Amino acid sequence: MNQREQMEQRGQWRITVWEEENFQGKRCEFMLECPNILDRDFQKIRSIKGQQFILEKGDYPRYQAWSGNSSYRTEHLLSFRPIKCANHSDSKITLYECEDMMGRKFEMCDDYPSLQGMGWCSKEVPSMKVNSGAWVGYQFPGYRGYQYIFERDRRQGEFRNYNEYGTQAHSNQIQSIRRIQH
């Protein structure tokens, strides 16, 4: 598949990165994912224009702008990729109270800044199935803390235990969740 076909399949997107804060230093524009920025002769990324870090489209002149509400800070990025999303009205995810998609379940089609506030009885989500779209789960209420991306197009939308949530997942603690949109 050539670059044009890949862009059509994923949808048009663009991200421009600079090696230094305030849009200074070495600059490069990407229209496809970059699994390792070091392969492009960058040592770090310190400012960005585009959609990234599961933030809305915009300019991020310093790492503090994209680290924002996180309970952790990252001073530079080393990789990035686009996320295929559904229309907001088509997004659907099912949360399960046990691993392997067992036990009581709750189907969601909307954003929830507090899962416990909407009736989920735990601070943890042991497993889930993305029926459509893409979602981001957060460690804490109010869309704060570690972010975990859940996509229908990855893992067939099935996340059977927290080890499948992402490389930084050390527990199944998810207390807020929202749909990802373009």
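Looking up the protein chain in an unreviewed UniProt entry gives the name Beta-crystallin A2, with the organism given as Onychostoma macrolepis. Under the UniProt heading Function (unreviewed entry), the entry covering the protein chain gives this text: "Crystallins are the dominant structural components of the vertebrate eye lens." Here is the UniProt Subunit (unreviewed entry) comment for the protein chain, exactly as written: "Homo/heterodimer, or complexes of higher-order. The structure of beta-crystallin oligomers seems to be stabilized through interactions between the N-terminal arms."

A. Broad picture of the packing of aromatic side chains. Evaluation of the coordinates by the stated rule reveals 5 aromatic pairs. With centroids separated by 6.1 Å and ring planes inclined at 55 degrees, the aromatic side chains of Tyr 148 and Tyr 165 adopt a geometry described as tilted. With Tyr 148 in strand E9 (residues 144-151) and Tyr 165 in the loop between strand E10 (158-159) and strand E11 (176-179), this residue pair connects regions lying 17 residues apart in the sequence. Aromatic side chains Phe 150 and Phe 159 sit 5.0 Å apart centroid to centroid with 80 degrees between the ring planes, which places their arrangement in the edge-to-face category. Accessibility assignment for this pair places Phe 150 and Phe 159 in one class, buried. Clustering of aromatic rings is evident, with ring pairs tying together Tyr 148, Phe 150, Phe 159 and Tyr 165. Above the ring of Phe 42, the side-chain terminus of Lys 26 is found at 5.0 Å from the ring centroid.

B. The pattern of salt bridges, seen in detail. Per the stated rule, a full pass over the model turns up 7 salt bridges. The partner of Asp 111 in a salt bridge is Arg 179, and the shortest N-O contact between them spans 2.8 Å. Taken together, the positions of Asp 111 in the loop between strand E6 (102-108) and strand E7 (127-132) and Arg 179 in strand E11 put the pair 68 residues apart, joining distant regions of the chain. With a closest N to O distance of 3.6 Å, Glu 158 and Lys 129 form a salt bridge. On the criterion of sequence distance, the pair formed by Glu 158 in strand E10 and Lys 129 in strand E7 is long-range, its members being 29 residues apart. We classify Glu 158 as partly exposed; its relative accessible area is 26%.

Reading the values: rules and limits
Residues numbered from 1 in each chain as written. Predicted model: local features only at pLDDT ≥ 70, side-chain atom pairs only at ≥ 80, totals over all residues. Heavy atoms only, no water. UniProt positions renumbered as here; feature names shortened; annotations may be inferred. Phe/Tyr/Trp six-rings, centres within 6.5 Å; stacked < 30°, edge-to-face > 60°. Helix = DSSP H or I, 4+ residues; strand = E, 2+ residues; numbered from the N terminus. Buried < 20%, exposed > 50% of the residue type's maximum accessible area, 1.4 Å probe, protein only. Lys NZ or Arg CZ within 6 Å of the ring centre and 35° of its normal. Salt bridge = Lys/Arg side-chain N within 4 Å of Asp/Glu carboxyl O.

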